[in-house]
Amino acid sequence: MHNAQQRPQHALPLNLVEAINRALFQAMSDDHRVVLLGEDIATNGGVFRATEGLKAHFGLRRVMDTPLAENLIAGLSVGMASQGLKPVAEIQFMGFIYAALEQLISHAARLRHRTRGRLSCPLVIRAPFGGGIHAPEHHSESTEALFAHVPGLRVVIPSSPSRAYGLLRAAISCPDPVLFLEPKRLYRLQRLPVDLDDAPLPLDRCFTLRPGEDITLISWGAMIHETLAAADHLAQAGIKAEVIDVATLNPLDRDTLVASVSKTGRAVIVHEAPFTGGFGAEIAATLASDALMQLRAPVTRVTGYDTPMPYFAMEREYMPSVERIVAAAKQQMEY
Amino acid sequence: MFMPEPYQIHQRLDALADCPHWQRLTEGYRNMQLIRTFDKKAVNLQRTGQLGTYASCLGAEAIATAGGMALAREDYFVPYYRDHATQYLRGVPLYQILQYWGGDERGNAFPADTPASRDLPNCVPIATQLPQAAGIATKAKLTHEHAAVLATCGDGGTSRGDFYETLNVAGVWQLPLVVMVNNNQWAISVPGQLQTASRSIAHKAEAAGIEGIRVDGNDLPALLEVLDYALDKARHGKGATLVEAISYRLSDHTTADDASRYRKASELHTAWQHEPIARLRHALVNARQWDAEQETQWQQHCRDVVDDAVKTYLEHPPQVPADMLDHLYATLPASLGRQRQTLSRQQGDPHA
């Protein structure tokens, strides 16, 4: 696990979007093959300022404003990556990523496979995702499960500034394509210490954020915030909750999840995305098959509803709350 | 020095007197004959259950041969799926082309020591290769390579957003890119007039601010002139070109198609009068650059080469099932490792 506390002399207080910016800066400094492309990322520094200052430092050849076409951005990235560049493309909001699906599914994810390793596709697509910032229609979706279903495409989601820094650097170093989803509700939520000298984080590992013996709470992205708060509430009631940040949905670190639930016997999975076919279903199925004899209660999922993400007037009612998580956990304890 | 006339269909076969590159043209003729022999054999292999669904290149021999001959080693080729001649001329062995159409990914593992080693493999989802070609051209430009990218698609592909997005960025970024459309009149069963109301496909370059050229796709010397010009322009940083090569798909769309359902036999019969190989042979024979004896010898040579390729293809040992897992990631993730064990056990490997 990332451990800023051990080397406080190198730790800087950064929020999540600043950590992203630092990771991009570091990766571009370390490797001249890393180039950035996307809409509004050069002069404007990105609509969330994730690429602020990078054009000034690295120049327009490495920080490219593209025409407004997401499919093009993904296709350009595939072409560049196939010939040894390491493109890091920004899709402005996840709600606009669908035009890029064909490039990601039919090409990026399978180029190494279908050429038997002759060509590869070391690209990163970054996209802000999730609700909770009162954004307009189509700006708050969480459709990570669509992508986690694609063989060959890593899906990585940070939930803190230090994990954003460590996971993005790992994603850029990765020899295969990575979809890097940034919980935009956390972009400016809080500044936490980030050690810029730390090694990149593993892309195939869950992170246990809080140990506990009674129940396992499993989540990722912005919902980690509510999940940790729920664990605090449960502690007040004497329930010791273990909190796991899945972080990488594909490939999934089943071992950590199964080991935790084998210990606690209970699991609540929390995600913002709709219930049916959400990635929680994959985790629930894994626990049902690999931890069945240790389970003391049916696995519960606390999720968004099976509706489109509502406009922001009702987004609070849609997204899992601390209360819903606590209630689900208590129900499990009483099962 | 060739200067294209805007949107006039460029032809050369009927005016070869001032085009003294006979050696290049006879070489092109040989290549076209070879690939037609290969194509005929591939269709036969499919009909006899020894190849999967196959996209014939009958009628596209001049276009793909010109591509392969005009490209330099340091250039890049981004094909659609009727470019067997270009792939072959870039160094892909014929047996690997069969392997690809035989359902085996090893057909895309082009030999490392050939110009094809960096080329993209065939692209089945229509026109999706074009933004990738723009990405490769961007890379070539960023790294100051003296290289061009040639990408191909069919007339149906020009209806896709990928096509327009690619031309658009190629114009904005002045990319070293040549997009060549094989306008063979038919996208499976849909004819050109149902794809576009544009005056021509080449006119679509206008909106992107790049040059559009029309060329007779059954005229090898004309194609070579146009591609030499467009690729050279790209290599010298003078921008992208859209080339519309007008041909006729003499085959079915693929071996899974039956074109008699939607097009008239008389139309096909007329198209055969303009097919690229006979036209070039006629010109070469008239100019005393080719004769019947050479023809007989070369046809025998083509049969021998193709028979060898078929033999290599059929004798190639099959892949092991774990290959489908082993090449997806640079290193096998733990979760996939478990599926690999299961698969190997099912296949009877006691060590799995």
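Residues numbered from 1 in each chain as written. Chains lettered and ligands numbered in written order. Predicted model: local features only at pLDDT ≥ 70, side-chain atom pairs only at ≥ 80, totals over all residues.

**As for the overall build of chain A**
Okay, so step 1: Looking only at helices and strands, chain A has 12 helices and 14 strands in total.
Okay, so step 2: Relative to the 2.2 N^0.38 estimate, which gives 20 Å for 335 residues, the radius of gyration of chain A is 19 Å and therefore close to what a compact globule would have.
Okay, so step 3: For chain A, the C-alpha atoms occupy an extent of roughly 60 × 45 × 40 Å along the three principal directions.
Okay, so step 4: Taking all contacts inside chain A whose residues are at least 6 apart in sequence as the whole, residues at least 24 apart take part in 80%. (Helix = DSSP H or I, 4+ residues; strand = E, 2+ residues; numbered from the N terminus. Rg over C-alpha atoms; globule rule 2.2 N^0.38 Å. Contact = placed C-beta atoms within 7 Å.)

**As for the overall build of chain B**
Okay, so step 1: Along chain B, the regular secondary structure elements total 13 helices and eight strands.
Okay, so step 2: The globule rule puts the C-alpha radius of gyration for 352 residues at 20 Å, and the 21 Å found for chain B is close to it.
Okay, so step 3: Structurally, chain B occupies a C-alpha span of about 70 × 50 × 40 Å along its principal axes.
Okay, so step 4: For chain B, buried positions account for 50% of its 352 residues.
Okay, so step 5: Across chain B, the fraction of contacts at a sequence separation of at least 24, relative to all contacts at a separation of at least 6, is 74%. (Buried ≥ 20, exposed ≤ 12 C-beta atoms within 10 Å, placed from the backbone.)

**Let's talk about the packing of helix α1 (residues 22–47) of chain B against helix α2 (residues 61–70) of chain B**
Residue and element names in this part refer to chain B.
Okay, so step 1: Direction vectors running N to C along α1 and α2 enclose 125°, while the axes themselves pass 9 Å from each other. When the axis of α1 is compared with that of α2, the two are oblique. Crossing of α1 against α2: the hand is right-handed. The residues of α2 that touch α1, namely those facing Gly 28, Asn 31, Met 32, Ile 35 and Arg 36, are Glu 61, Ala 62, Thr 65 and Met 69.
Okay, so step 2: Looking at side-chain class alone, the contact of α1 with α2 contains four nonpolar, three polar and two charged residues. (Axes fitted to C-alpha atoms, helices over the stretch in contact; angles between N-to-C directions. Parallel < 35°, antiparallel > 145°, perpendicular 65-115°, else oblique. Left-handed = near helix turned anticlockwise from the far one by under 90°. Nonpolar A, V, L, I, M, F, W, Y, C, P; charged D, E, K, R; others polar.)

**Focus on the domain arrangement of chain B**
Okay, so step 1: Domain parsing of chain B yields domain 1 (9–319) and domain 2 (321–352).
Okay, so step 2: Look at where the C-alpha atoms of domain 1 of chain B and domain 2 of chain B centre, and you get two points 38 Å apart. (Domains from an automatic or database assignment.)

**A short note on the interface of chain A and chain B**
Okay, so step 1: Taken together, the contact pairs 36 residues of chain A with 33 residues of chain B.
Okay, so step 2: Of all the elements in the fold, those that place two or more residues in the side of chain A that touches chain B are α3 (70–82), α4 (101–107) and α5 (111–114) of chain A.
Okay, so step 3: Residue contributions to the side of chain A that touches chain B peak at nine residues, all from α3 of chain A.
Okay, so step 4: Taken together, the residues that form the side of chain A that touches chain B break down as 12 nonpolar, 15 polar and nine charged.

**A closer look at the confidence of the model for chain B**
Okay, so step 1: Model confidence for chain B is summarised by a mean pLDDT of 96, while 98% of its residues fall at 70 or above.
Okay, so step 2: For this predicted complex, the interface score ipTM comes out at 0.97, alongside a pTM of 0.96. (pLDDT = per-residue confidence, 0-100.)

**Looking at the domain arrangement of chain A**
It is common to give the size of an interface as the accessible area lost on bringing the parts into contact.
All names here are of chain A.
Okay, so step 1: What the domain assignment reports for chain A is domain 1 (7–195) and domain 2 (207–334).
Okay, so step 2: On the domain 2 side, the residues contacting the 26 residues of domain 1 number 21 residues.
Okay, so step 3: Of all elements in the fold, only α6 (144–148), β6 (154–156), α7 (161–173) and β7 (178–183) reach the threshold of two or more residues within the side of domain 1 that touches domain 2.
Okay, so step 4: Of the residues in the side of domain 1 that touches domain 2, the class split is 12 nonpolar, eight polar and six charged.

**Thoughts on unusual backbone geometry**
Residues and elements named next belong to chain A.
Okay, so step 1: The step from Asn 250 to Pro 251 runs through a cis peptide bond, and the omega angle for that step is -5°.
Okay, so step 2: Looking at the secondary structure, you find Pro 251 in the loop between β12 (248–250) and α9 (254–264).
Okay, so step 3: Despite not being glycine, Arg 49 shows a phi value in the positive range, around 70°.
Okay, so step 4: Its identity is not glycine, yet His 134 carries a phi of approximately 55°, on the positive side.
Okay, so step 5: Structurally, His 134 can be placed in the loop between β5 (124–129) and α6.

**A short note on the sheet that holds strand β4 (residues 177–183) of chain B**
Residue and element names in this part refer to chain B.
Okay, so step 1: The parallel open sheet is built from six strands, whose spatial order is β1-β7-β8-β4-β3-β2. Where the open sheet ends on each side, the last strands, each with one partner, are β1 (9–10) and β2 (76–78).
Okay, so step 2: Note: β2 against strand β3 (residues 149–154), three bridges, orientation parallel. Counted as the bridge partner of Phe 77 is Leu 150 from β3.
Okay, so step 3: Across the sheet, helix α5 (residues 129–142) is in contact with β2, β3 and β4; its angle to β3 comes to roughly 170°. (Pairing = 2+ DSSP bridges.)

**Thoughts on the pairing of strand β2 (residues 34–38) of chain A**
Side-chain positions along a regular strand alternate between the two faces of the sheet.
Residues and elements named next belong to chain A.
Okay, so step 1: Burial within β2 is extensive, with five of its five residues counted as buried.
Okay, so step 2: Burial along β2 is two-sided: the face carrying Val 34, Leu 36 and Gly 38 and the face carrying Val 35 and Leu 37 are both buried.
Okay, so step 3: Two strands pair when backbone bridges link them, and β2 and strand β4 (residues 86–90) are joined in this way by five bridges, in the parallel orientation. Among the inter-strand pairings, Val 35 is bridged to a residue of β4, identified as Pro 87.
Okay, so step 4: The pairing of β2 with strand β3 (residues 63–65) spans three bridges and is classified as parallel.

**Focus on the sheet that holds strand β14 (residues 300–304) of chain A**
All names here are of chain A.
Okay, so step 1: The sheet built from five strands is open, its strands ordered β9-β11-β10-β13-β14 with mixed pairing. Of all the strands in the sheet, the pair left with one neighbour each is β9 (207–210) and β14. When the angles between neighbouring strand axes are averaged without regard to direction, this sheet yields 25°.
Okay, so step 2: Inspection of the sheet shows strand β13 (residues 267–274) paired to β14 by five bridges, in the parallel sense. If you follow Val 268 over to β14, its bridge partner there is Thr 300.
Okay, so step 3: Here helix α10 (residues 279–290) sits on the sheet and contacts β10 (215–219), β13 and β14; the angle it forms with β13, its principal contact strand, is near 160°.

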